[in-house]
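# Report on the structure
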Amino acid sequence: MQLSIFALGIMPYITASIITQLLRVVIPHFETLHKEGQAGQAKLTQYTRYLTIALAVLQSTTLITVARSGQLFGSIANDACRNLVSQEWWAIIIMILTMTAGTGLIMWFGELITERGVGNGMSMLIFTSISATFPNGMWVIKESQGWEVFFLVLAVGLLIVAAVVFVEQSQRRIPVQYAKRVVGRRTYGGSSTYIPIKVNMAGVIPVIFASAILYLPMLLTQFNQPKIGEDPKPWVVWVQNSLVDGDQPLYMLVFFLLVIGFTFFYVQITFNPEEVSDNMKQYGGFVPGIRAGRPTAEYLNYVLMRITSAGSLYLGVIALIPLIALSFFGANQNFPFGGASILIIVGVGLETVKQIDAQLQQRHYEGLLK
């Protein structure tokens, strides 16, 4: 655990962005802003900034409280941990403001990169943060298992990266035909396009949701530690043995099921077949062989559920890879070939290459993608 100005990292912003997306379903005003184009998106971004600062204050307060309780560093003596944090109220407020300012500074850096760089600045910062842990994660495996296992893990990791790239680029294209319309002397429509439904429409968000839910049992055990001379409560012992360590079978099973459940939940929120069907009908579009209106919505929902079933299993398996590596190879939690890390690295890498390719093609250079 590192205590610094940037101790909270970028997680408050990620959490705020996810909450803002989910609030579109609950608050009609947010959905209206989402449909207003660039002006509405700017307003939603402003709300995300405010929520980020609020979450940073909450998380920094929680971090300092845990440090004062002596449970931040685990096995280190409680008295030594408590001495790290001043008990004066003004010192605690300064620490909270400092860590909150660190999160605000990271958020500002990300927006500068978005404005003047290539791609999304926040994604680039997360990509850099994860990539920085790659050497340490691999070196832990080498120190504990030797060079043979190290090269084996590296080879398997490259295969995993190739598989993730393949799945992330995979999509089901539903053809859409638009009827011709004659307005005066001009003819509109008559073109054909498609609706792309990706295998992994939810991205990395279900893995983040599942990790956040499984963090709650560990938090409960931290605040229910027995006093000196007392025996721990039975339920606290069971939670510590089953739902805290990532190498436990029950933890893996619950994590896998949570990822699948959150994948279906998030896809249902972000892709509305009835709304897509109504928009197609409004502009004279239809799926060949499917009647417009409700039959089209039912067909889109049928295809979406089948694709999401495969995508949720894929996400569940990818999410378990770091836990399996932790159990069998002695890796740490920063194992790079799996979970949210590999999804972010591949997703940001592909998006950055596309952005660079678009910039090159605008300047009449040969693109990177063939």
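What counts and what doesn't
- Residues numbered from 1 in each chain as written.
- Predicted model: local features only at pLDDT ≥ 70, side-chain atom pairs only at ≥ 80, totals over all residues.
- Heavy atoms only, no water.
- UniProt positions renumbered as here; feature names shortened; annotations may be inferred.
- Helix = DSSP H or I, 4+ residues; strand = E, 2+ residues; numbered from the N terminus.
- Buried < 20%, exposed > 50% of the residue type's maximum accessible area, 1.4 Å probe, protein only.
- Contact = heavy atoms within 4.5 Å.
- Areas by Shrake-Rupley, 256 points an atom, 1.4 Å probe, with all protein chains shown as cover.
- pLDDT = per-residue confidence, 0-100.
- Pairing = 2+ DSSP bridges.
- Core = buried A, V, L, I, M, F, W, Y, C linked by side-chain atoms within 4.5 Å.
- Expected span 1.5 Å × (residues − 1).
- Phe/Tyr/Trp six-rings, centres within 6.5 Å; stacked < 30°, edge-to-face > 60°.
- Salt bridge = Lys/Arg side-chain N within 4 Å of Asp/Glu carboxyl O.
- Polar contact = N/O pair within 3.5 Å; in protein donor to acceptor, adjacent residues only side chain to side chain.

Under the annotation held in an unreviewed UniProt entry, the chain carries the name Protein translocase subunit SecY and is attributed to Leucobacter exalbidus. Checking UniProt for the chain, the heading Sequence similarities (unreviewed entry) contains the comment "Belongs to the SecY/SEC61-alpha family." Taken directly from UniProt, the Subunit (unreviewed entry) text for the chain runs: "Component of the Sec protein translocase complex. Heterotrimer consisting of SecY, SecE and SecG subunits. The heterotrimers can form oligomers, although 1 heterotrimer is thought to be able to translocate proteins. Interacts with the ribosome. Interacts with SecDF, and other proteins may be involved. Interacts with SecA."

The next subject is the overall build of the chain. Counting its secondary structure elements, the chain contains 14 helices and five strands. Buried positions account for 35% of the 370 residues belonging to the chain. For the chain, long-range pairs separated by at least 24 residues make up 65% of all intrachain contacts whose partners lie at least 6 apart in sequence. About 21,700 Å² of surface is accessible on the chain, with carbon and sulfur atoms providing 63% of the total.

Moving on, we get to the confidence of the model for the chain. Overall, the predicted model of the chain reaches an average pLDDT of 79, with 84% of residues at or above 70. When the elements of the chain are averaged for pLDDT, helix α4 (residues 78–83) gives the smallest value, 52, and helix α11 (residues 249–270) the largest, 87.

We now examine the sheet that holds strand β1 (residues 171–178). Sheet strands pair by backbone hydrogen bonding; their relative direction is either parallel or antiparallel. With antiparallel pairing, three strands are arranged side by side in an open sheet as β4-β1-β5. In this open sheet, the two edge strands, each paired with only one partner strand, are β4 (192–198) and β5 (285–286). Note: β1 against β5, two bridges, orientation antiparallel. In the strand pairing of β5, Gln177 is matched with Phe286.

Before going further, it helps to examine the nonpolar core. Nonpolar side chains in soluble globular proteins tend to end up buried together. Core analysis: the largest hydrophobic core is formed by 58 residues, its most contacted members being Val164, Ile195, Ile197, Phe255, Ile318 and Leu343. In this structure Ile197 touches Gln171, Arg172, Ile174, Phe271, Val303, Leu304 and Ile307, once residues within four positions along its chain are discounted. Of all hydrophobic cores here, the second largest spans seven residues; its members include Leu8, Ala56, Leu63 and Met99.

Looking at the secondary structure, you find Thr100 in helix α5 (residues 89–116). Aside from chain neighbours lying at most four places away, what touches Thr100 is Ile53, Ala56, Val57 and Ser60.

A few words now on α5. Look at α5: 41 Å from first C-alpha to last across 28 residues, which is about the 40 Å you get at 1.5 Å a residue. Turning to α5, its buried residues are Ala91, Ile92, Ile96, Met99, Thr100, Gly102, Thr103, Ile106, Met107 and Gly110.

Bringing the environment of Gly293 into the picture now. As for its placement among the helices and strands, Gly293 is situated in the loop between β5 and α13 (294–328). Residue Gly293 is classed as buried on the basis of its relative accessible area of 12%. A C-alpha to C-alpha distance of 8.0 Å links Gly293 and Glu274, two positions 19 residues apart in sequence.

A word on helix α6 (residues 121–132). Look at α6: 17 Å from first C-alpha to last across 12 residues, which is about the 16 Å you get at 1.5 Å a residue. By the burial criterion, the buried members of α6 are Gly121, Met122, Ile126 and Ile130. As for α6, its buried residues are in contact with α1 (11–26), α5, α7 (134–145) and α14 (339–362).

A few words now on the packing of aromatic side chains. With the rule as written, the count across this model stands at eight aromatic pairs. Here Phe209 and Phe262 contribute two aromatic rings whose centre-to-centre distance is 5.3 Å and whose plane-to-plane angle is 70°, an arrangement assigned as edge-to-face. Of the two residues, Phe209 sits in helix α9 (residues 205–222) while Phe262 sits in helix α11, which places them 53 residues apart along the sequence. As far as the burial class goes, Phe209 and Phe262 line up, both buried. Members of the aromatic cluster, connected to one another through ring pairs, are Trp139, Trp147, Phe150 and Phe151.

With respect to the element layout, Gln248 can be found in the loop between α10 (234–242) and α11. Sequence-distant contacts of Gln248, that is, excluding residues within four places in its chain, are made with Asn241 and Ser242.

Next up on the list: the pattern of salt bridges. Tallied over the full model, the rule gives three salt bridges. A salt bridge links Arg49 to Glu111; the nearest nitrogen and oxygen atoms lie 2.7 Å apart. Taken together, the residues span a long stretch of sequence, with Arg49 in helix α3 (residues 38–68) and Glu111 in helix α5 at a distance of 62 residues. A residue is classified by how much of its surface remains accessible, and Arg49, at 28% relative accessible area, is partly exposed. Between Glu298 and Arg294 there is a salt bridge, and its shortest N-O distance comes to 3.3 Å. One end of the pair is Glu298 and the other is Arg294, both in helix α13 and four residues apart, which spans about a single turn. Residue classification places Glu298 among the partly exposed positions, given a relative accessible area of 47%. Owing to a relative accessible area of 60%, Arg294 belongs among the exposed residues under this scheme.

Moving on to the side chain of Thr263. With respect to the helices and strands, the residue Thr263 is situated in helix α11. For Thr263, a relative accessible area of 3% gives the class buried. For Thr263, the side chain forms a polar contact with the main-chain oxygen of Val259, separated by 2.6 Å. Residue contacts for Thr263: discarding those within four places in its chain leaves Ala202, Pro206, Thr308, Ser312 and Leu315.

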